[in-house]
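# Inside the fold
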Amino acid sequence: MEFCEKLQELRQNKGLTQEELAEALYVSRAAVSKWESGRGYPSIDSLKEISGYFSVSIDDLLSGDQLITIAQRENKSNLRNLCDLLLGCVDLLSVMLIFLPLYPKPVDGYINSVNLLGYVDNSRVIINIYWVLFIAMIVVGMIKTLMVCLRTEKGRQTVTVLSLGFSVMTVLFLAMAKEPYAVTLVFLLLLIKGLLIYKRVRA
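Residues numbered from 1 in each chain as written. Predicted model: local features only at pLDDT ≥ 70, side-chain atom pairs only at ≥ 80, totals over all residues. Heavy atoms only, no water.

## Some remarks on the side chain of Asp91
Quick reminder of the rule: Only DSSP runs of H or I covering at least 4 residues are called helices, and only runs of E covering at least 2 are called strands; the numbering of each starts at the N terminus. Contacts are assigned to residue pairs with any non-hydrogen atoms lying within 4.5 Å of each other.
In this fold, Asp91 is placed in helix 6 (residues 64-92). Setting aside residues up to four positions removed in sequence, Asp91 forms contacts with Met137, Ile138, Val140, Gly141, Ser163, Ser167 and Lys193.

## Examining the nonpolar core
Formally: Only buried residues count toward a nonpolar core. Its members are Ala, Val, Leu, Ile, Met, Phe, Trp, Tyr and Cys residues joined through side-chain atoms within 4.5 Å. Per-residue accessibility, obtained with a 1.4 Å probe over protein chains only, is compared with the maximum for each type, and a residue is labelled buried under 20%, exposed over 50%, and partly exposed between these values.
Within the largest apolar cluster, 22 residues are counted, with the highest numbers of intra-cluster contacts made by Leu97, Tyr103, Leu116, Tyr119, Tyr130, Phe134 and Leu174. Elements represented by at least two residues in this core include exactly helix 7 (96-99), helix 8 (124-149), helix 9 (156-176) and helix 10 (180-202). For this core, the element with the highest residue contribution is helix 8, accounting for 6 residues. In this view, Tyr119 contacts Tyr103, Pro104, Val114, Ile127, Tyr130 and Glu179; residues no more than four positions away in its chain are not counted. Counting residues in hydrophobic clusters, the runner-up holds 16 residues, among them Phe3, Ala31, Val32 and Leu62.

## Quick word on a nonpolar patch on the surface
Under the convention used in this document: Patch membership needs two things, relative accessible area over 30% and no salt bridge, and members are linked within 9 Å if like-charged or within 5 Å if nonpolar (Val, Leu, Ile, Met, Phe, Trp, Tyr). We get accessible surface area from the Shrake-Rupley algorithm with a probe of 1.4 Å; when it comes to residues, only the shown protein chains can shield them. Here, a salt bridge means any Lys or Arg side-chain nitrogen found within 4 Å of an Asp or Glu carboxyl oxygen.
Residues Leu79, Leu82 and Leu86 make up a contiguous nonpolar surface patch of roughly 230 Å² in combined accessible area. Summarising the element assignment, Leu82 is placed in helix 6. Residue classification places Leu82 among the partly exposed positions, given a relative accessible area of 45%.

Given below as structure tokens:
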């Protein structure tokens, strides 16, 4: 007997609706419906909940091969979530572009390094563009991190594309504005993002 049939039988033997079972397992009714229709398997945590709720072993619910498949799927999902979380953290590190002394400021014939808050030697328009780009990357990082924490899948790809887009624009703009220290930092962050995205795609 397949898992979907076993789950349906266990539920019906207890006289439960899909919605009542979903409430007992702290999942959505759609998840229970998907499991019972054979369109997917629960996570390891949900399997433990099902096993405990119906007082049956996980081995009675699934075969060894099915368990391995679920574990592999969950490992890939966890790796993708970790990569997404790290992507968000990398964007949050863009705050360094505001507070680190990366910008030149001539004083009495010497070049001092100042942070963005004390940088006044460039055009006001250019400095405002810096602020817009840096804050945009920080906001994207906050959104990405929040999406991972809330386990929201929808829109993650869009946020990743925005993250890459802002990083590339920032690198190009800083290079044109001849800001060597800042452009080096953003380029390194962009490389890290590229590696994380590669790792996520390969997962």
